[in-house]
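# Structural overview for review
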Amino acid sequence: MKIAVEGCAHGELDKIYECVESLQEREGIKIDLLICCGDFQAVRNNDDLRAMAVPEKYHNICTFYKYYSGEKIAPILTLFIGGNHEASNYLQELPFGGWVAPNIFYIGRAGVIQFGNLRLGGLSGIFKNHDYLQGLWESPPYSSNSLRSVYHIRSLDVFRLSQLKEKIHVMMSHDWPRGIANYGDKDNLLRRKPFLREDIESNQLGSPPAEKLLNELKPEYWFAAHLHCQFAALVKHGDGTETKFLALDKCLPKRRHLQILDLPAEYDGDKQLKYDIEWLAVLKNTNHLLSVKNVDCHLPGPGSNERYNFTPTNEEKDHVASLLQNLVISNDSFVRTAPIYKPNTPKRAPCEAIMNPQTVVLCEKLSIDDPLQVALARMGRSMKQPEVFETMEIVEKTPIKCLPMTLPAPVTPSDCEDLSETTSALSQSNSFLTETENTTSECDTPPQSNKKVFKRRNLAMYSLEEAENGNNTSDSLVDSDSPRSSKFACKSNAL
Amino acid sequence: MSDKQKTLFCGDVNGNFNALFSRVESIVKKSGPFDVLLCVGNFFGDDNSQLDAYKMRTRKVPVTTYVFGPSNSDHVKYYCEEGCEIVPNVIYMGRRGIFTTSAEVKIAYLTGLSRRELGKEIASCTFEPSDCSAVRDACYRGQSEYRGVDVLITTLWPSGVQQDECQKVDVKEESLSNLIAWLSIHVKPRYHIVPSADKFYERQPYRNQGMHQDYKECATRFIALAPVGNKAKEKWVYACLLQPITKMRMTDLLQSTTDETDCPYDPELLKQHQPGKVVKVSGNGQFFFNMDASEDDHGKRKRKSGDNPDRKRRDIDPDSCWFCLSSPTVEKHLVICVGRHCYLALPKGPLTPYHVLILPIAHHQSITKSPDDVVKEIKLFKDVLKKFYSSTGKVAVFFERNYKTSHMQIQCVPLPKHVEPQILEVFQDEAGINRIELEVLPQYTEIAQVTLPGAPYFHAELPSGEHLYAKTKQHFPLQFARDVLSSPPLLNCEDKADWRQCLLPREEEDALVSTFRDKFRPFDFTADDDSDSD
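Residues numbered from 1 in each chain as written. Chains lettered and ligands numbered in written order. Predicted model: local features only at pLDDT ≥ 70, side-chain atom pairs only at ≥ 80, totals over all residues. Heavy atoms only, no water.

## Points about the overall build of chain A
Selection criterion: Starting at the N terminus, helices and strands are each numbered in turn, a helix being any DSSP run of H or I of at least four residues and a strand any DSSP run of E of at least two. Remark: exposure states derive from per-residue accessible area (1.4 Å probe, protein chains only) relative to the maximum for the residue type, with buried under 20%, exposed over 50%, and partly exposed in between. Only heavy atoms matter for contacts: two residues are in contact if any of them lie within 4.5 Å across the pair. With residues, only the protein chains shown are counted as cover, and all accessible areas are computed by Shrake-Rupley using a 1.4 Å probe.
Helices and strands together make up the secondary structure of chain A, namely 19 helices and 14 strands. By residue count, 60% of the 495 residues in chain A fall in the buried class. Sequence separation of at least 24 residues holds for 78% of the intrachain contacts in chain A that already meet a minimum separation of 6. Accessible surface, chain A: about 20000 Å² in total, of which carbon and sulfur atoms supply 50%.

Right, here's the structure in full:
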């Protein structure tokens, strides 16, 4: 099984998929899963931009909306966690995870999911001391305060993850676990990011709960992003196990933002996305601990007269399994709960919380609470039933190529040297990479495909043909129809 | 997997045991076995002869039955010890408390009449305001996120409940209690069940309110059951299927019904930390914003103004810290013994002769910001002090205030063993008066687990092992713990509440230090260290 790991996505899905596809072609491999460590920016429309904690000049729709509207289909199953730049209103609809677009799955505030026999865990958001112990009180409309605190990690989510006892293979967090810098080439990191020195030396860099989880869960791999720089580390645990840590950069040219992980075939299984029984049983066991007050709250621990160990028993796991019946998470459950993107519509801050059917179904099955629904009900408000937004005909007819996108600087041949250099540098310096015999790429540009490429001015002409093909080829054709495509030839040759 | 409990309630039994149990038997026959039967009113009557058959086991009690305390002094003699069986399968639960059934249903109860509202005490049949807060505290204890209890059983009706606009009911004035209204608004039962003298009454459900405005809580169904076997055929038995509140979805608990009403009780009751106590309103708020590490205004006026510059500098400069062992300002003659990371010293103006301080040698602001070694040694000091105090027949209260202090001080105050049961209550009373939200945390809690490093707090450790924790806000009284410990029920030395009012002359301090050293020697682990190194 091959997994591609991406650092911060920052809405640049087109580029990331281009990268992955070109890599597949170049290396002659098939990538089964793409995981992304936050700042995904699942922005569906102009309103969602207002639920993202960024200055207005960055209110850029980027490319996710195409995958949401159905204009494009993600060519690779994509799994992501939330970071600190997210359409928080959308992610709040899916506290326990769900499809944000066909083939793109959000893991939830915290969560564990299975892909084949691989167990992947994730913790969304970033750590901020002052909000850590608070309840889950935020709801749209956001104030300038709650717009930020909504993505701050809460102790309840960490508490839930720390109940897990079965082996987690891959763990993701957006910010780095605290102290991780000490397990890698710290000097090199400081040379590249000198401003981190003070934080590293005072052990302030990174997230203490992530550090705690790294030490408790001892996953085989831990991926993170956030600091926009690549950094590898190896943590040896007391019991002889190891966690290979890798932080990745954001998706920009010449940046190390993508990593391919080659895993043994024993993890392959059915290569389907499935719910994790142990995790769901923890969710069910800890449902009563949910607080939606914006005050600090504590969780039960040793010495209290209520239960404090929520690691599920076999009986509890069996019960959850019987409630769920089918563990496979099928793409069919995706529902559009907000209108698709229309350029030039006003950006109105989302003021209503929408009930996402995916969350409703899971909550009903497990008989657990949707934190947002409780937060609203506590205030006497209720969630809005979703209207069903299907892909609109008009959109299909719109020529896709005229996208006022901010594209990275055109790729010049000099990049090739840079690329090969860094690749070798990586594989030498990094036991992480050599051990797993991975192919590394910071592929920021897709090489020209060998297939025939022709310029298309009107997609509608081909829509019928595409519908029949219904596969990724059509996407890549559309993708390569960009102004830069002619410059790729030499690059792909060089590789 | 059914996690619901089939529950039966009945009103005053008044000795009509046959009527009760034969009815229950026929219900069981019709709708299957029930888990519990709760008798919310008087179990005994003037004639209790019917009970003999159950005692002799010639008749059987069909469902495990729980009986609560008396409200009639003539009946007191019939009750057995709390938690024991009156007859097989009928258990007496006492007058106040909370119990959790095997299905995890929580039942809180406070039976009998209100001594304060009745104006007289009837032995074993009346309750005190402190009983109300005890029941409330028992409900809240150990609950990270309090939702409410499943059932509240009281003899008296809460005042206000009968003023429902749609369903007025005649209830005698003496059956109403403000204290029960206070209890009900605080514990938020899903079912509040009381006995009624004649008529059955079911109020429309009302929605509980949280402490914060507009914070909704679960709804309460208030039901009054008529006496067992009454002639008017008023309903006297009530059956329901209870899912424990902790296993329910909050979403369902907050789901409103069309007939629900607002909470009928005065929301001001929620703000009363202790029932019926008048809450002090602080007068001049401006004063408390003074950044100077000062005391309440009482103390401030008495202090020499010349102290101020010194005090301000103390916060900034550890060299002039009163408590850093290396600082020149430390009063060395007060030091009792020195460990690796901490030392023991006599405080200025001790509450009792063996009142001491545990202080870190280096400058650490609070236990939550101290390194592990320091925390470990503090624990060691606490343990030996506990042993030392208990050898003199005393129990120890430790407290720390990380608020307007720059160097951590853990105060250790020995109290006579016989006052131990009152300590918690006095702390809570004083907290109520000062509007401090004092939380009771279970044994073994680490303060660092409930608060963030650097956040201000007050923390006390009681002889029971329980911890008291409060987030200190602007108006936190600096002498809070001294106020509590010096109060009449505990040390009874109110004149010593302010340490500046009871400063000792140097000779007395020297004498106290040397006696403490002598007596403490067998327990002093720092002395062992010294002899090892010799």
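## Brief notes about the overall build of chain B
Regarding its fold elements, chain B presents 16 helices and 25 strands. Burial statistics for chain B: of 534 residues in total, 54% are counted as buried. Within chain B, counting contacts between residues at least 6 apart in sequence, those at least 24 apart form 69% of the total. Summed over its atoms, the accessible surface of chain B is roughly 24500 Å², and 49% of this surface lies on carbon and sulfur atoms.

## Observations concerning the confidence of the model for chain A
As a reminder, the rule being used: In predicted models, pLDDT denotes the confidence assigned by the predictor to each residue on a 0 to 100 scale.
Across chain A, the average pLDDT comes to 82, with 78% of residues at or above 70. Within the model, the stretch residues 393-495 of chain A combines pLDDT values under 50 with 145 contacts to residues more than four positions away or in other chains.

## Some details on unusual backbone geometry
In this structure, Pro141(A) follows Pro140(A) across a cis peptide bond, with omega equal to 0 degrees. With respect to the helices and strands, the residue Pro141(A) is situated in the loop between strand 7 (118-123) and helix 5 (146-149). For Arg57(B), which is not glycine, the phi dihedral falls at a positive 65 degrees. Assignment of secondary structure puts Arg57(B) in the loop between helix 2 (51-55) and strand 3 (65-67). One non-glycine residue with positive phi stands out, namely Lys404(B), at about 55 degrees.

## Concerning the interface of chain B and chain A
Here is the rule: Joining two parts hides part of their accessible area as seen by a 1.4 Å probe, and the buried area is that hidden amount summed over both. By definition, a salt bridge exists where a carboxyl oxygen of Asp or Glu is found within 4 Å of a side-chain nitrogen of Lys or Arg. Each polar contact in these results corresponds to two N or O atoms within 3.5 Å; when the atoms are within protein, one needs to be able to donate a hydrogen and the other to accept it, and residues that are neighboring in sequence are counted only if both atoms are side-chain atoms. When residues are sorted by character, Ala, Val, Leu, Ile, Met, Phe, Trp, Tyr, Cys and Pro go into the nonpolar class, Asp, Glu, Lys and Arg into the charged class, and all the rest, Gly among them, into the polar class.
Across the boundary between the two partners, chain B contributes 28 residues, which contact 33 residues of chain A. Between chain B and chain A the total buried area reaches about 2700 Å² when both faces are included, carbon and sulfur atoms providing 51% of it. Linking chain B with chain A are four salt bridges. In this structure, Asp296(A) engages Lys471(B) in a salt bridge whose closest nitrogen and oxygen atoms are separated by 3.8 Å. On the surface where chain B and chain A come into contact, there are eight residue pairs in polar contact (both at pLDDT 80 or more). Elements represented by at least two residues in the side of chain B that touches chain A include exactly strand 16 (216-225), helix 6 (250-254), strand 23 (439-441) and strand 25 (467-471) of chain B. Ranked by residues supplied to the side of chain B that touches chain A, first place goes to helix 6 of chain B with three residues. Across the side of chain B that touches chain A, the residue classes break down as eleven nonpolar, eight polar and nine charged.

## Here we look at the packing of aromatic side chains
Two descriptors summarise a pair of aromatic rings, namely the distance from one centre to the other and the angle between the planes of the rings. Heads up, the condition is: Planes of paired rings set the category: under 30 degrees apart is stacked, over 60 is edge-to-face and the rest tilted, where pairs are Phe, Tyr or Trp rings (Trp by its six-membered ring) whose centres lie within 6.5 Å. Over a ring means this: the NZ of a Lys or the CZ of an Arg is within 6 Å of the ring centre and within 35 degrees of the ring normal.
Under the definition given, this model contains 48 aromatic pairs over all chains. The residue whose ring lies beneath Arg44(A) is Tyr90(A), and the NZ or CZ to ring-centre distance is 3.7 Å. A cation over a ring is seen here: Arg23(B) above Trp236(B), with NZ or CZ 5.4 Å from the ring centre.

## Regarding the sheet that holds strand 3 of chain B
Residues and elements named next belong to chain B. The test is simple: Whether two strands pair comes down to DSSP finding at least two bridges between them. Every axis in this analysis is a line fitted to C-alpha atoms, fitted for helices over the stretch in contact. Angles between the N-to-C directions lie between 0 and 180 degrees.
Taken in spatial order, the six strands of this open sheet run 4-5-3-2-1-17, and their pairing is mixed. The outermost strands of the open sheet, each flanked by one partner alone, are strand 4 (85-87) and strand 17 (237-242). For this sheet, the mean angle separating the axes of adjacent strands, direction not counted, is 30 degrees. Judged from the four bridges that link them, strand 1 (residues 5-10) and strand 2 (residues 36-39) form a sheet pairing that is parallel. Residue pairing across strands places Leu8 opposite Leu37, the latter belonging to strand 2.

## What about the pattern of salt bridges?
Residues and elements named next belong to chain A. What the rule picks out here adds up to 41 salt bridges over all chains. The shortest N-O distance in the salt bridge between Asp47 and Arg348 comes to 2.8 Å. In this pair, Asp47 sits in helix 2 (residues 46-49) while Arg348 sits in the loop between helix 11 (314-324) and helix 12 (357-366), placing the two residues 301 residues apart along the sequence. Given the relative accessible area of 53%, Arg348 is considered exposed. Notably, a salt bridge pairs Lys384 with Glu352, separated by 3.9 Å at the nearest N-O pair. On the criterion of sequence distance, the pair formed by Lys384 in the loop between helix 13 (371-378) and helix 14 (393-397) and Glu352 in the loop between helix 11 and helix 12 is long-range, its members being 32 residues apart. Because the salt bridges share partners, they merge into one network encompassing Asp14, Lys66 and Lys72.

## A closer look at the sheet that holds strand 25 of chain B
All names here are of chain B. Sheet architecture is open: eight strands sit in the order 18-19-20-22-21-24-25-23, paired in antiparallel fashion. A strand with exactly one partner marks an edge of an open sheet, and here the two such strands are strand 18 (335-338) and strand 23. If you compare each strand with its neighbour and ignore which way they point, the axes differ by 20 degrees on average. On top of the sheet, helix 15 (residues 506-520) reaches strand 18, strand 19 (342-345) and strand 20 (356-360); it is set at about 35 degrees to strand 18, its chief contact.

## Describing the packing of helix 11 (residues 372-391) of chain B against helix 15 of chain B
Residue and element names in this part refer to chain B. Put simply, the test is: Any angle that is under 35 degrees is reported as roughly parallel, and any over 145 degrees as roughly antiparallel; angles of 65 to 115 degrees are reported as roughly perpendicular and all others as oblique.
It is at 11 Å that the axes of helix 11 and helix 15 come closest, and there the two elements cross at 90 degrees. By the angle between their axes, helix 11 is roughly perpendicular relative to helix 15. Here helix 11 contributes Val384, Leu385 and Phe388 to the contact with helix 15, which in turn contributes Phe516, Lys519 and Phe520. Residue classes in the contact of helix 11 with helix 15 are distributed as five nonpolar, no polar and one charged.

## A look at the pairing of strand 13 (residues 189-195) of chain B
Residue and element names in this part refer to chain B. In terms of burial, strand 13 is largely enclosed, as seven of its seven residues are buried. Note: strand 10 (residues 149-154) against strand 13, four bridges, orientation parallel. Bridge assignment links Val151 to a residue of strand 13, and that residue is Tyr191. Taken together, the five bridges between strand 13 and strand 16 define a ladder with parallel strand orientation. Pairing of Pro195 across the sheet is with Leu225, part of strand 16.

## Some details on the nonpolar core
One broad rule of soluble globular proteins: the nonpolar side chains tend to lie buried together. Here is the rule we go by: What makes a nonpolar core is a set of buried Ala, Val, Leu, Ile, Met, Phe, Trp, Tyr and Cys residues whose side-chain atoms join them at distances within 4.5 Å.
Grouped together as the largest cluster of nonpolar side chains are 118 residues, with contacts concentrated most on Ile35(A), Phe64(A), Ile104(A) and Trp176(A). One finds Leu176(B), Ala181(B), Cys263(B) and Leu270(B) within the second-largest nonpolar core, a separate group that totals 33 residues.

## Observations concerning helix 1 (residues 13-27) of chain A
All names here are of chain A. Note the threshold: A helix is expected to span 1.5 Å multiplied by its residue count minus one.
The end-to-end C-alpha separation of helix 1 is 21 Å, in line with the 21 Å expected for 15 residues at 1.5 Å each. Across the 15 residues that make up helix 1, a large majority, twelve, are buried. A positive backbone phi angle near 65 degrees is found at Gly28, which sits one or two residues after helix 1.

## Digging into the environment of Asn188(A)
Residues and elements named next belong to chain A. One can find Asn188 in helix 7 (residues 186-192). Given a relative accessible area of 27%, Asn188 falls into the partly exposed group. In the structure, Asn188 is positioned 43 residues away from Phe231 in sequence and 9.1 Å away in space, judged by C-alpha atoms. Side-chain polar atoms of Asn188 contact the side chain of Arg192, separated by 2.9 Å.

## Some details on the packing of helix 4 (residues 129-140) of chain B against helix 5 (residues 178-187) of chain B
Helix packing geometry: the angle between the two helix axes and the distance between the axes. Residues and elements named next belong to chain B. Helix 5 packs onto helix 4 with a crossing angle of 10 degrees between their chain directions and a minimal axis gap of 10 Å. With respect to helix 5, the element helix 4 is oriented roughly parallel. Taking contact as the criterion, the partners of Pro129, Cys132, Ser133, Val135, Arg136, Cys139 and Tyr140 in helix 4 are, on helix 5, Leu179, Trp182, Leu183, His186 and Val187. Considered class by class, the residues forming the contact of helix 4 with helix 5 number nine nonpolar, two polar and one charged.

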